[in-house]
Amino acid sequence: MTSKQRAALRGAASTADTLFQLGKEGITDSFLDSCNSALNARELIKLSVLKTAPVSAREAGEEVASKLRAEFVAAIGNKFILYRFNKDKTEHVKLV
């Protein structure tokens, strides 16, 4: 993914609502299932990491992205953004 594409995705996520929060339990199977469903439906999701979580936003984003075969877009403060293309959707998030 190019830096231009990352910038476009960051811009699109800036107005999006935060869908899930990662808390003290860390990255669980149910958390991954929820994220997977959201990625299938939306392609681009924004998640928040609470202060009680055992990992930082960057660490969580990279780990969740690798487990879900998604792209880690960015970590900004306590939030991170994930993207995964869904070929079954008719409308897609514009990359550039």
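Fair warning: this is a prediction, and the values are worked out from it, not measured in the lab.

Asks: What is the right way to look at the overall build of the protein chain in this model?
Replies: Along the backbone of the protein chain there are 3 helices and 4 strands. Secondary structure of the protein chain in N-to-C order comes out as α-β-α-β-α-β-β. Taken over C-alpha atoms, the radius of gyration comes to 13 Å for the protein chain, in line with the 12 Å a tight globule of 96 residues would show. When its C-alpha atoms are laid out on the principal axes, the protein chain stretches across 35 × 25 × 20 Å. Relative to its 96 residues, the protein chain shows a buried fraction of 36%. Restricting the contact set of the protein chain to residue pairs at least 6 apart, pairs at least 24 apart contribute 65%. Of the side chains in the protein chain, 15 bear a positive and 11 a negative charge, and the two mean positions are spaced by 6 Å.

Asks: Is there a simple way to explain the confidence of the model for the protein chain in this structure?
Replies: The predicted coordinates should not be examined in detail at positions where pLDDT is low. Residues with a pLDDT of 70 or more make up 100% of the protein chain, whose mean pLDDT is 93. The least confident element of the protein chain is helix α1 (residues 3–14), whose mean pLDDT is 93; the most confident is strand β4 (residues 79–83), at 97.

Asks: It is not clear to me how the side chain of Ser-48 should be interpreted in this structure. Could you clarify?
Replies: Tracing the sequence through the fold places Ser-48 in strand β2 (residues 44–49). For Ser-48, a relative accessible area of 4% corresponds to the buried category. Apart from the residues within four sequence positions on either side, Ser-48 is in contact with Thr-18, Phe-20, Gln-21, Leu-22, Asn-78 and Lys-79.

Asks: Looking at this structure, how should I read the pairing of β4?
Replies: Looking along a regular strand, one sees the side chains alternate between the two faces of the sheet. The buried count for β4 comes to 4 of 5 residues, which makes it a mostly enclosed element. Judged from the 5 bridges that link them, β2 and β4 form a sheet pairing that is antiparallel. Looking across to β4, one finds that Lys-46 is bridged to Ile-81. What sits between strand β3 (residues 71–76) and β4 in their antiparallel hairpin is a turn of 2 residues, with Gly-77 showing a positive phi close to 65 degrees.

Asks: Explain the packing of aromatic side chains to me, please; I cannot follow it from the model alone.
Replies: Two aromatic rings, taken as a pair, are described by how far apart their centres are and by the angle between their planes. Applying the stated criterion across every chain yields a total of 1 aromatic pair. With a centroid separation of 6.5 Å and 75 degrees between ring planes, the pair formed by Phe-20 and Phe-31 is classed as edge-to-face. With Phe-20 in strand β1 (residues 18–22) and Phe-31 in helix α2 (residues 29–42), this residue pair connects regions lying 11 residues apart in the sequence.

Asks: Honestly, unusual backbone geometry in this entry has me stumped. Any pointers?
Replies: Phi is mostly negative for residues that are not glycine, and the peptide bonds are mostly trans. Unlike most non-glycine residues, Glu-43 shows phi in positive territory, near 75 degrees. Summarising the element assignment, Glu-43 is placed in the loop between α2 and β2. The exposure class of Glu-43 is buried, given its relative accessible area of 0%. For Arg-69, which is not a glycine, the phi torsion comes out positive at approximately 55 degrees. Its place among the elements puts Arg-69 in the loop between α3 (57–68) and β3.

Definitions and limits used
- Residues numbered from 1 in each chain as written.
- Predicted model: local features only at pLDDT ≥ 70, side-chain atom pairs only at ≥ 80, totals over all residues.
- Heavy atoms only, no water.
- Helix = DSSP H or I, 4+ residues; strand = E, 2+ residues; numbered from the N terminus.
- Rg over C-alpha atoms; globule rule 2.2 N^0.38 Å.
- Buried < 20%, exposed > 50% of the residue type's maximum accessible area, 1.4 Å probe, protein only.
- Contact = heavy atoms within 4.5 Å.
- Lys, Arg positive; Asp, Glu negative; His and termini not counted.
- Charge placed at Lys NZ, Arg CZ, Asp CG, Glu CD.
- pLDDT = per-residue confidence, 0-100.
- Pairing = 2+ DSSP bridges.
- Phe/Tyr/Trp six-rings, centres within 6.5 Å; stacked < 30°, edge-to-face > 60°.

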